[in-house]
Amino acid sequence: MRPAARLQSAIELLDAIIIAAKEGGASADQLAKRFFAERRYAGSKDRRAVRELAWQAIRRFGERPENARSAFVALADEDAGLADLFDGSDYGPAAISPEEPRAKGGPLPQWIMPNLSNLIEGHERTALLERAPLDIRVNALKTTREDVAAQLPEAVILPQSPYALRLPTGYQVESHPLLLDGFAEIQDLGSQLIADSCNAKPDMTVLDLCAGAGGKTLALAAAMQNSGQLVASDTNRNRLDQLKPRANRAGATFVQTRLLNPGRESEMLADLAGICDIVLIDAPCSGSGTWRRNPETRWRLDPVRLERVLSEQAKLLEIGAEMVASGGHLVYAVCSIIENEGRGQVARFLDAHKGWQAVSQDLGVGRKDGGGIILTPHHDGSDGFFFARLLKL
């Protein structure tokens, strides 16, 4: 494909992403896979170039553009080389008119600025949209970090977590035998640190309340050395079903999965009420901490959705608190750098529950943020997370 044709394809792909973001459709990654599957004439270099162009526009504009052409025309105003590709040739975009609309604004949505943690300033904001590295967690049930690192010469050992390795951005590891055979899992450093903060031990009773596909469940299973009771629950059947084959592959033989009906969570977890040593709540959230991986999610977030997830988080804290034994801990986490989802949510919970207190954590990483810790791409090299460890007195 000629460069102009690649740009036209990027415009078409971005239009599909904009529509999906507006209507709550498929993710940008899913749309890209579908887009290229329908255009098998595009070679690997073409696909990579088209995707990079589309994602350049996504990262540039925090507010959803009216259409893809307006985004690329605005980019062309800043890049003469890109402007030259609007040449009106066959398979290329039409020439730019001085009067046509341009997308406006910076990389972050204006409405969200007052909602960010007060620690997110300057370089912190820029790093939220930089390309992310690829982290993996070594499965201690099957191997050691040193053995896995020896098989991945490009890997760097991350000292912040005992089983973390980092590979270069874009490294293709999904089909590596180490992952296919359960010796390692793709997992961001921040997610690994949240599992570490649980301090799970063998013979404990542990509940992963919002387990999803089970990334943190498997980290907890390794820490517990397959001994004790580990329950992974969720209200999403499709996500929870992904955990079973992953657990088998990882050798996490004692993990129990429990599908919950929305609104009946406490009833369906009644046998665990007041007996859990640890309850992990990796709560549904804005996803603002993962913008560098999924930048188009900025276009899906609005004040109404934010209020909805805040309400859901508060409800989950109530449910999780019921399950914790006296002297046990509740670990609350969100992949968000929005203050109300992190320190604000914990402050509200502690104000309403006098028999609880936040526990100081010294993980050698992150920064104290109210009753918990915040991780950010610029400061910690991880996705953006907030997490807190709460003790039931």
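Our structure is the block above this text.
Here is what the cut-offs are and how they apply
- Residues numbered from 1 in each chain as written.
- Predicted model: local features only at pLDDT ≥ 70, side-chain atom pairs only at ≥ 80, totals over all residues.
- Heavy atoms only, no water.
- Helix = DSSP H or I, 4+ residues; strand = E, 2+ residues; numbered from the N terminus.
- Expected span 1.5 Å × (residues − 1).
- Buried < 20%, exposed > 50% of the residue type's maximum accessible area, 1.4 Å probe, protein only.
- Contact = heavy atoms within 4.5 Å.
- Salt bridge = Lys/Arg side-chain N within 4 Å of Asp/Glu carboxyl O.
- Polar contact = N/O pair within 3.5 Å; in protein donor to acceptor, adjacent residues only side chain to side chain.
- Phe/Tyr/Trp six-rings, centres within 6.5 Å; stacked < 30°, edge-to-face > 60°.
- Lys NZ or Arg CZ within 6 Å of the ring centre and 35° of its normal.
- Disulfide = S-S within 2.5 Å.

A. How the structure looks around helix 3 (residues 44-60). The end-to-end C-alpha distance of helix 3, which contains 17 residues, comes to 24 Å, matching closely the 24 Å that a straight helix rising 1.5 Å per residue would cover. Residues D46, A49, V50, L53, A54, W55, A57, I58 and R59 constitute the buried set of helix 3. Buried residues along helix 3 sit in contact with helix 1 (3-23), helix 2 (28-37), helix 4 (68-78) and helix 5 (80-83).

B. Expanded view of the pattern of salt bridges. By the definition in use, this model includes 23 salt bridges. Put simply, R39 and E38 hold a salt bridge, and the shortest N to O gap is 3.6 Å. Note on R39: relative accessible area 19%, which makes it buried. For the salt bridge of K216 with D282, the shortest nitrogen-to-oxygen distance reads 2.7 Å. Taken together, the residues K216 in helix 10 (residues 215-224) and D282 in strand 8 (residues 276-282) connect sequence positions 66 residues apart. Looking at K216, the relative accessible area reads 9%, which means it is buried.

C. How the structure looks around unusual backbone geometry. One non-glycine residue, Q225, lies in the positive phi region at around 55°. Relative to the assigned elements, Q225 resides in the loop between helix 10 and strand 6 (228-234). One non-glycine residue, N226, adopts positive backbone phi at about 60°. Among the structural elements, N226 can be located in the loop between helix 10 and strand 6. For N226, a relative accessible area of 25% puts it in the partly exposed group.

D. Fine view of helix 9 (residues 189-198). Burial within helix 9 is extensive, with 9 of its 10 residues counted as buried. For helix 9, the set of buried residues is L189, G190, S191, Q192, L193, I194, A195, S197 and C198. Structurally, the start of helix 9 carries an N-cap: the backbone nitrogen of G190 is 2.8 Å from a side-chain oxygen of D188. Trailing helix 9 by a residue or two, N199 shows a phi angle of about 55°, which is positive.

E. Structural context of the packing of aromatic side chains. Scanning the model with the defined rule gives 2 aromatic pairs in all. A ring pair is formed by F35 and F36, whose centres lie 5.5 Å apart and whose planes are at 85°; its orientation type is edge-to-face. Its relative accessible area of 7% is what places F35 among the buried residues. Take F36: its relative accessible area is 14%, and that puts it in the buried class. On the basis of an interplanar angle of 75° and a centroid distance of 5.5 Å, the ring pair of F349 and W356 is categorised as edge-to-face. In this structure, F349 and W356 share a single accessibility class: buried. In this arrangement the basic side chain of R39 is found over the ring face of F35, its NZ or CZ atom lying 3.6 Å from the centre. Over the ring of F183 we find K142, and its NZ or CZ is 5.0 Å from the ring centre.

F. Representation of the state of the cysteines. Applying the stated criterion across every chain yields a total of 0 disulfides. For the unlinked cysteine C198, the closest cysteine sulfur is that of C276, found at 12 Å. Overall, the relative accessible area of 0% leaves C198 in the buried class. Left unpaired, C210 is separated from the closest cysteine sulfur, that of C285, by 10 Å. Overall, the relative accessible area of 15% leaves C210 in the buried class.

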